[in-house]
Amino acid sequence: MSTPIENESAAADPAPRTLGPGGPEVSRLCLGTSSWSRARFGAGPVEALEVVLDAGAEPSAGPAITFIDTSNEYGGGASESYLGDAIGRRGGLPAGMVLQTKLDRDPDTGSFSGERMRASLAESLGKLGLERVPMLYLHDPELIGWDEAFAADGPVRALVEMRERGLVDAIGISGGPAPMLTRYVETGLFSAVITHNRYTLVDRSAEQLVNEAVSRGVSVINAAVYGGGALARWPEAARSYAYRPASAAMAAAIADMGLACQRAGVSLAAAALQFSTRDPRITSTIVGGNSIAQVQEAIAADAVEIPAGLWAELEALAPEAAGWQDPPGSSWP
């Protein structure tokens, strides 16, 4: 297993982080918008987004989030609409801000056809009020098979054509199973990969994926570092991890890690976040931002000084690999 480097400052990066080779520079934290729905925010605006956009336009004010992640399907399409409204009020995306989105299946039929992918991009750009995005991902291809994904009129071919036609600057892959994502990365087609719930303090399923991506110059964006909240809610007992019931071993590891962090005088949430942000292989870490407080807490947690000795203690408490979502030796499909 690997651990975050212990000598990197949590307040500053040693070098710029770019989204894909030669791509735009992005912040070590990325604002996640997967839960932005009309049921949650009504007509909007989303105050957390307003704060992020305003702070990103004033880099001299200190650490800020200048990277935003969304998807055509998030919040039933509302996520991109909230973003588009905020961008429109400002006359465009503020300088220095980077926004990425994803192609999604048809919400009614589940189709991943090339035609559907082209419609998904058109819908996204329409809601966002943008002519293009610097990075566009194929989202959740685990829902279909490899042959269907790479069919002549399949989603991968459509995504590649979007890049070839200059509709997007670069393309990426985003999904769940780490072996699947590794296989996609190995095609050499993609400039970035998003993994979720699989590179955390308690689950290293994506270790091989991360190494493979970095060896190929593919940017790694890490999401769900709290495992669906389990690592952020301590001392509440962990009942679930990655939206599924937590095993006894997983729950025990989280409890033990929480106590170790308490003894060291830091929060388990801060350690869980910095496990990702301090790793030089991770380009950016997606954190949910449903409120101004959540955004501020994430920025503060990333700046906490964590004793070097704590990392070794947490590593020793990590669950056995057999309990990960994708244990070593897993394959896909």
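Provided above is the structure to which this section pertains.
None of these values were measured; they are calculated from a predicted model. (Residues numbered from 1 in each chain as written. Predicted model: local features only at pLDDT ≥ 70, side-chain atom pairs only at ≥ 80, totals over all residues. Heavy atoms only, no water.)

Novice: Looking at this model, I keep getting lost on the environment of Q274. Mind explaining?
Specialist: Locating Q274 in the fold gives a position in helix α10 (residues 268-277). For Q274, a relative accessible area of 0% puts it in the buried group. On a C-alpha basis, the gap between Q274 and D326 in space is 22 Å, while along the polypeptide they are 52 residues apart. (Helix = DSSP H or I, 4+ residues; strand = E, 2+ residues; numbered from the N terminus. Buried < 20%, exposed > 50% of the residue type's maximum accessible area, 1.4 Å probe, protein only.)

Novice: Hey, could you run me through the side chain of T283 in this one?
Specialist: In this fold, T283 is placed in strand β12 (residues 282-288). The buried category is assigned to T283, whose relative accessible area is 10%. When sequence neighbours within four positions are dropped, the list of residues in contact with T283 reads R17, T18, V26, S27, R28, S219, V220 and I221. (Contact = heavy atoms within 4.5 Å.)

Novice: How should I be thinking about the sheet that holds strand β4 (residues 67-69) in this particular structure?
Specialist: By definition, the strands of a sheet pair up through backbone hydrogen bonds, in either a parallel or an antiparallel sense. Taking strand neighbours around the barrel as the criterion, the eight strands line up as β3-β4-β5-β6-β7-β8-β9-β12 in a closed arrangement whose pairing is parallel. Pairwise comparison of adjacent strand axes, ignoring direction, gives a mean angle of 25° for this sheet. Bridge count between strand β6 (residues 135-139) and strand β7 (residues 170-175): five bridges; the pairing is parallel. Paired with L138 across the strands is I173, a residue of β7. Docked against the sheet, helix α11 (residues 292-303) engages β3 (29-32) and β12, running at close to 160° with respect to β3. (Pairing = 2+ DSSP bridges. Axes fitted to C-alpha atoms, helices over the stretch in contact; angles between N-to-C directions.)

Novice: Is there a simple way to think about unusual backbone geometry in this case?
Specialist: Keep in mind that most residues, glycine aside, have a negative phi and that most peptide bonds are trans. A cis amide bond, omega 0°, links G44 with the succeeding residue P45. Residue position: P45 is located in the loop between α1 (38-41) and α2 (47-56). For D140, which is not glycine, the phi dihedral falls at a positive 55°. Relative to the helices and strands, D140 resides in the loop between β6 and α5 (146-149). D140 gets classed as buried once you look at its relative accessible area, which sits at 15%. For A224, which is not glycine, the phi dihedral falls at a positive 60°. If you trace the backbone, A224 turns up in the loop between β9 (219-223) and β10 (240-241).

Novice: What exactly am I supposed to notice about the pattern of salt bridges here?
Specialist: Taken as a whole and assessed by the stated rule, the structure comprises 20 salt bridges. Notably, a salt bridge pairs E50 with R90, separated by 2.8 Å at the nearest N-O pair. With E50 in helix α2 and R90 in the loop between α3 (78-89) and β5 (98-103), the pair connects residues that are 40 residues apart, well separated along the chain. E50 gets classed as buried once you look at its relative accessible area, which sits at 17%. Residue R90 is classed as partly exposed on the basis of its relative accessible area of 27%. A salt bridge links K102 to D69; the nearest nitrogen and oxygen atoms lie 2.8 Å apart. Highlighted residues: K102 in strand β5 and D69 in strand β4, separated in sequence by 33 residues. (Salt bridge = Lys/Arg side-chain N within 4 Å of Asp/Glu carboxyl O.)

Novice: Explanation requested: α10 in the structure shown.
Specialist: Owing to its 3.6 residues per turn, the α-helix aligns residues three or four sequence positions apart on the same side. Taken across its ten residues, α10 has ten buried, putting it largely inside the fold. Listed as buried for α10 are L268, A269, A270, A271, A272, L273, Q274, F275, S276 and T277.

Novice: Please clarify how the packing of aromatic side chains should be interpreted in this entry.
Specialist: Aromatic ring pairs are defined here through the distance separating the ring centres and the angle between the ring planes. For the structure shown, the criterion picks out seven aromatic pairs. Summarising the aromatic geometry, the rings of Y184 and F190 are spaced 6.0 Å apart at their centres and angled 55° between planes, so their arrangement reads as tilted. Each of the two residues, Y184 as well as F190, counts as buried. Ring centres of Y199 and F275 lie 4.8 Å apart, and the angle between their planes is 35°; on these two criteria the pair is classed as tilted. With Y199 in the loop between β8 (192-196) and α8 (207-215) and F275 in helix α10, this pair connects stretches of sequence that are 76 residues apart. Chaining the aromatic ring pairs together yields one cluster made of W146, F150, Y184 and F190. The side chain of R38 reaches across the aromatic face of Y82, ending 4.5 Å from its centre. Looking at R183, its charged tip hangs above the ring of W146, at a distance of 4.0 Å from the centre. (Phe/Tyr/Trp six-rings, centres within 6.5 Å; stacked < 30°, edge-to-face > 60°. Lys NZ or Arg CZ within 6 Å of the ring centre and 35° of its normal.)

Novice: For this particular structure, what's the right way to read the pairing of β5?
Specialist: Two faces belong to every sheet, and in a regular strand the side chains alternate between them. Summarising burial for β5: six of the six residues are buried, a large majority. Two strands pair when backbone bridges link them, and β4 and β5 are joined in this way by three bridges, in the parallel orientation. Among the inter-strand pairings, D69 is bridged to a residue of β5, identified as Q100. Note: β5 against β6, three bridges, orientation parallel. Paired with L103 across the two strands is L138, which belongs to β6.

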